[in-house]
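Close look at the chain arrangement
Here's the letter readout for the chains.
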Amino acid sequence: MLENYKKYYPFFYTFLFLVLNIYMIYHGVLSRDAGHSWYHIALTSTSIKDFVYKMQSSEGTPYLWNFLLYLISRITDNVIYMHILHLCISTTSTFLFLKFFPLSRIISILFIFGYFNFYEYSVQPRNYAIGILFLFIFCILYKSKNKNIIFLVLVACIASYANIFSFIIAIILL
């Protein structure tokens, strides 16, 4: 019984995390900066050139998150797809954290259901979650750094395009 728990606890808590996040997103309100990224930048950009202009004139953040939103907005104008993308990113981060990080289970569970990971990086669709995802991937790949040096650099570069905090952390890690 205990071995099954050890084997399946990342899946169970990731599923619980996903279900609770869906509930919170359904009953939540879109924040101003998430709405700005979706409605002002992604939906109203008529071309890549217009997207770059809007990013340069109104944003002080790297382009990765808003570019993903721009790509989604070319398919649909429904804001729920921004939430779905963000939920996929944050749920993947949560699973990787539970599966690969060598912390005690109680500390891991407290982290994933803590304020920042559960609300700021999951419920509110902002550019922080994608930076967290790539920094977690960097940490996982770092175990065998001699074999993965090119992937480590690539993942750190992608993380640096998420937000300024991920940029600073990626520089430190490299």
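Everything discussed here concerns the structure shown above.
What comes next concerns the included structure. (Residues numbered from 1 in each chain as written. Predicted model: local features only at pLDDT ≥ 70, side-chain atom pairs only at ≥ 80, totals over all residues. Heavy atoms only, no water.)

1. Details of the packing of helix α5 (residues 80-100) against helix α7 (residues 115-123)
Two elements in contact, α5 and α7, have axes whose closest approach is 9 Å; the angle formed by their N-to-C orientations is 145°. Residues His83, His86, Ser90 and Thr94 of α5 form the contact with α7, whose participating residues are Asn117, Tyr121, Ser122 and Val123. (Axes fitted to C-alpha atoms, helices over the stretch in contact; angles between N-to-C directions. Helix = DSSP H or I, 4+ residues; strand = E, 2+ residues; numbered from the N terminus. Contact = heavy atoms within 4.5 Å.)

2. Some thoughts on the packing of aromatic side chains
Following the criterion strictly, the structure yields 21 aromatic pairs and no others. Judged by centre distance (6.4 Å) and plane angle (55°), the rings of Tyr8 and Phe11 are tilted. Taken together, the positions of Tyr8 and Phe11, both in helix α1 (residues 2-27) and 3 residues apart, correspond to about one turn of that helix. Under the relative-accessibility criterion, Tyr8 is labelled partly exposed at 43%. The class for Phe11 is partly exposed, based on a relative accessible area of 44%. Measuring from centroid to centroid gives 4.9 Å for Phe97 and Phe101, while their planes differ by 35°, and the two rings are tilted. On the basis of relative accessible area, Phe97 is assigned to the buried category, the value being 5%. What makes Phe101 buried here is its relative accessible area of 17%. Grouped by ring-pair contacts, the aromatic residues Tyr115, Phe116, Tyr119, Tyr121, Tyr128 and Phe165 constitute a single cluster. (Phe/Tyr/Trp six-rings, centres within 6.5 Å; stacked < 30°, edge-to-face > 60°. Buried < 20%, exposed > 50% of the residue type's maximum accessible area, 1.4 Å probe, protein only.)

3. Topic: the nonpolar core
Formed by 31 residues in total, the largest nonpolar core has its most connected members in Tyr13, Trp38, Leu69, Met82 and Ile89. If you list the elements that add at least two residues to this core, you get α1, α2 (32-43), α4 (64-73), α5, α6 (105-112), α8 (128-141) and α9 (149-160). For this core, the element with the most residues is α8, which contributes 8 residues. (Core = buried A, V, L, I, M, F, W, Y, C linked by side-chain atoms within 4.5 Å.)

4. Notes on the environment of His36
On the secondary structure map, His36 appears in helix α2. When its relative accessible area of 26% is taken as the criterion, His36 is described as partly exposed. Spatially, the C-alpha atom of His36 lies 9.7 Å from that of Ser58, the residues being 22 residues apart in sequence. Other than its neighbours up to four places away in sequence, His36 contacts Ile41, Ser58 and Glu59.

5. A closer look at the state of the cysteines
All told, the structure shown has 0 disulfides when counted by the stated rule. Looking at the unpaired Cys139, the closest cysteine sulfur is the one in Cys157, lying at 15 Å. (Disulfide = S-S within 2.5 Å.)

6. Some details on α5
With 21 residues, α5 should cover 30 Å at 1.5 Å per step; its first-to-last C-alpha distance of 30 Å lies within 8% of that length. Residues of α5 that are buried: Met82, His83, His86, Leu87, Ile89, Ser90, Thr91, Ser93, Thr94, Leu96, Phe97 and Leu98. (Expected span 1.5 Å × (residues − 1).)

7. Things to note about the side chain of Asn117
Looking at the secondary structure, you find Asn117 in helix α7. A residue is classified by how much of its surface remains accessible, and Asn117, at 3% relative accessible area, is buried. Among the polar contacts made by the side chain of Asn117, one reaches the main-chain carbonyl oxygen of Ile112 at a distance of 3.1 Å. Not counting residues within four places of it along the chain, the set of residues in contact with Asn117 comprises Phe17, Thr94, Phe111, Ile112 and Ser122. (Polar contact = N/O pair within 3.5 Å; in protein donor to acceptor, adjacent residues only side chain to side chain.)

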